[in-house]
Number of protein chains: 2
Amino acid sequence: MGILRKTKSVKILLDEFEEQSTAISAITLIERLHLKMNKTTIYRILDKLEDDGFLHSFLGKNGHKWYAKCSGCSSEEHHDIHPHFQCLDCGKVDCLPTDILIPDIPNRKVHVSQILLQGTCEACFN
Amino acid sequence: MGILRKTKSVKILLDEFEEQSTAISAITLIERLHLKMNKTTIYRILDKLEDDGFLHSFLGKNGHKWYAKCSGCSSEEHHDIHPHFQCLDCGKVDCLPTDILIPDIPNRKVHVSQILLQGTCEACFN
DNA sequence: ATATTTACTGCAACTAAGTTGCGTTAAACG
DNA sequence: CGTTTAACGCAACTTAGTTGCAGTAAATAT
Ligand SMILES: [Mn+2]
Ligand SMILES: [Mn+2]
Ligand SMILES: [Zn+2]
Ligand SMILES: [Zn+2]
């Protein structure tokens, strides 16, 4: 089930995602907000915001959880599937609008594709 | 550094990968071999076999580590990059020979691509 | 404005994958 | 067989994420 009460903690977390468009890891949020709320609360709210279709989650290069804003999803439908890019220098992660074509795999039916590209971002290029 | 001594434990682990062509998770190996060797030993040997270019590793859907045989890699060069497929019914994971084209991403340089497809495998199809 | 209801929160304890340090064992080799 | 040291087992640790429960504060009713 999603968010039912707009508590202080929910507002603080929503603000974090409003302020920047890149993805944020759960670990970063815990570190950044540890004076304002408990890590349990953070995990629980992120989970609910995902149910609501406001955030989507994915795993970064170490298998740790990252969250980013959805665009046009709802609690009924998460159609927001796309590749992600993690910079190996600064660690920043972004959603990519790029569409990557998955060819048909013989004898298998693909339902989900999880694509994480790693390399160098624009800011770290120079 | 890779394997220097062909110990009993190393032989047992090599056998596991000789017997089947699908990928095996570290967790599965620990469970399967816990009477024969310690989990620390398993992690250390897998790590060395990867250094040697005999195995390659990747993360499955929960961010847990999986290993599979390489074909034609060496300790100098791991050129064995390809997508993986995890069956959502039986959990089995395979290496895919399929090549997936990663388009150029504006303002970013892609070094590595990590692709995990999820769906239904042949055996679970019926 | 106050009372009631219950979703949400904080805390402490837990789970589980993977790592580290160290004393002991057993490959490799002369 | 004896020596060397890579590799092993064990216990303790690290860390991301989860769970149970008692207390708190939103939302709603009175
Ligand atoms: Mn995204
Ligand atoms: Mn593979
Ligand atoms: Zn960067
Ligand atoms: Zn299957």
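Residues numbered from 1 in each chain as written. Chains lettered and ligands numbered in written order. Predicted model: local features only at pLDDT ≥ 70, side-chain atom pairs only at ≥ 80, totals over all residues. Heavy atoms only, no water.

1. Focus on the sheet that holds strand 3 (residues 65-69) of chain B
Residues and elements named next belong to chain B. We apply this condition: Between any two strands, at least two bridges found by DSSP are needed for them to pair. What counts as a helix is a DSSP run of H or I of at least four residues, what counts as a strand is a run of E of at least two, and both are numbered from the N terminus. Contacts between residues were defined by any pair of non-hydrogen atoms, one from each residue, lying within 4.5 Å. Interaxial angle, 0 to 180 degrees, is taken between N-to-C directions of lines fitted to C-alpha atoms, where a helix line uses only the stretch in contact.
Spatially, 1-3-2 is the arrangement adopted by the three strands of the open sheet, whose pairing is antiparallel. The open sheet has two edge strands, strand 1 (24-25) and strand 2 (55-59), and neither has a second partner. As paired elements, strand 2 and strand 3 share five bridges and run antiparallel to each other. In the strand pairing of strand 3, Leu59 is matched with Lys65. Sheet strands touched by helix 1 (residues 8-19): strand 1, strand 2 and strand 3. Its angle to strand 3, the strand with the most contacts, is close to 75°.

2. Re helix 1 (residues 8-19) of chain A
Counted only if it meets this: The span you would expect from a helix comes to 1.5 Å times its residue count less one.
Over its twelve residues, helix 1 of chain A runs 17 Å from end to end, which matches the ideal 16 Å to within 8%, given 1.5 Å per residue. Turning to helix 1 of chain A, the residues buried within the fold contact strand 1 (24-25), helix 2 (26-33), helix 3 (39-51), strand 2 (55-59) and strand 3 (65-69) of chain A.

3. Observations concerning the packing of helix 1 of chain A against helix 2 of chain A
All names here are of chain A. Our working definition: Reported orientations rely on four angle classes, namely roughly parallel under 35 degrees, roughly antiparallel over 145, roughly perpendicular from 65 to 115, and oblique for the rest. In this scheme, a crossing is called left-handed if the near helix is turned counterclockwise away from the far one by less than a right angle; it is called right-handed if the turn is clockwise. Residue type decides the class: Asp, Glu, Lys and Arg count as charged, Ala, Val, Leu, Ile, Met, Phe, Trp, Tyr, Cys and Pro as nonpolar, and the leftover types, Gly among them, as polar.
Contact pair helix 1 / helix 2: the axes reach a minimum separation of 12 Å and the direction vectors enclose 120°. Classified by the interaxial angle, the pair formed by helix 1 and helix 2 is oblique. Between helix 1 and helix 2 lies a crossing of right-handed hand. Where helix 1 approaches helix 2, its residues Ile12, Leu13, Glu16 and Phe17 are matched on the opposing element by Leu29, Arg32 and Leu33. Tallied by class, the residues present in the contact of helix 1 with helix 2 amount to five nonpolar, no polar and two charged.

4. Focus: the interface of chain B and chain A
Note the threshold: Throughout, the accessible surface (probe 1.4 Å) given up by two parts as they are put together, summed over both, is called the buried area. By definition, a salt bridge exists where a carboxyl oxygen of Asp or Glu is found within 4 Å of a side-chain nitrogen of Lys or Arg.
Across the contact, 32 residues belong to chain B and 32 residues belong to chain A. Between chain B and chain A, roughly 2600 Å² of surface is buried when both sides are summed, and carbon and sulfur atoms account for 60% of that area. On the chain B side of the contact with chain A, Arg108, Gln114 and Gln118 of chain B bury the most area, a combined 21% of that side's loss. The interface formed by chain B and chain A holds two salt bridges in total. Across the pair Asp94 of chain B and Arg108 of chain A runs a salt bridge whose closest N-O atoms are separated by 3.3 Å.

5. Observations regarding the coordination of the manganese ion (ligand 1)
Residues and elements named next belong to chain A. For clarity, the cut-off: Keep in mind that water is not among the atoms, so a site may look incomplete; donors are the N, O and S atoms within 2.8 Å of the metal, or 3.2 Å for Na, K and Ca. Note on classification: 1.4 Å probe, protein chains only; a residue is buried when its accessible area is under 20% of the maximum for its type, exposed when over 50%, partly exposed between these limits.
Distances from the manganese ion (ligand 1) to its protein donors, His56 (NE2), His82 (NE2), His84 (NE2) and Cys95 (SG), fall within 2.0 to 2.2 Å. Coordination of the manganese ion (ligand 1) draws on donor residues from a single chain, spaced H-x25-H-x1-H-x10-C in sequence. Pair check on accessibility: His82 and His84 agree, each one buried.

6. Some points on the layout of surface pockets
As a reminder of what qualifies: Using a grid of 1 Å spacing that covers the protein atoms alone, one calls a set of points a cavity when a 1.4 Å probe fits there but cannot get out, and a pocket when the set is open and has protein on both sides within 12 Å along at least five of seven lines; lining residues are those with an atom within 4 Å of a point. Grid points are joined across faces, edges and corners, and a volume is the space filled by probe spheres set on the points.
In this structure, the largest pocket spans a volume of roughly 1000 Å³. Taken together, 39 residues line the largest pocket, and the ones lying closest to its centre are Gln114, Ile115 and Leu116 of chain A together with Gln114 and Leu116 of chain B. Put simply, the parts of the chain that give the lining of the largest pocket at least two residues each are strand 2 and strand 6 (109-120) of chain A together with strand 2 and strand 6 (109-120) of chain B. The residue makeup of the lining of the largest pocket, split by class, is twelve nonpolar, 20 polar and seven charged.

7. Side note on the protein's contact with DNA strand C
Under the convention used in this document: Definition of nearness: a residue and a molecule or strand are near each other if at least one heavy atom of the residue lies within 4 Å of the molecule or strand. We define a polar contact as two N or O atoms separated by no more than 3.5 Å, with the added condition that, inside protein, one atom must be a possible hydrogen donor and the other a possible acceptor, whereas residues neighbouring each other in sequence contribute only through side-chain atom pairs.
Inspection of the region around DNA strand C gives 23 residues, with Leu4, Thr7, Thr41 and Arg44 of chain A together with Tyr43 of chain B positioned closest. Within 4 Å of the protein, the contacting atoms of DNA strand C are drawn from sugar and phosphate to the extent of 58%. At 3.2 Å from a base nitrogen of DNA strand C is found a side-chain nitrogen or oxygen belonging to Arg5 of chain B. Within the contact set of DNA strand C, a phosphate oxygen lies 2.8 Å away from a side-chain nitrogen or oxygen of Tyr43 of chain B. Residue assignment for the surface near DNA strand C shows that the elements contributing at least two residues are helix 3 of chain A together with helix 2 (26-33) and helix 3 (39-51) of chain B.

The values are spatial; any link to function lies outside them.
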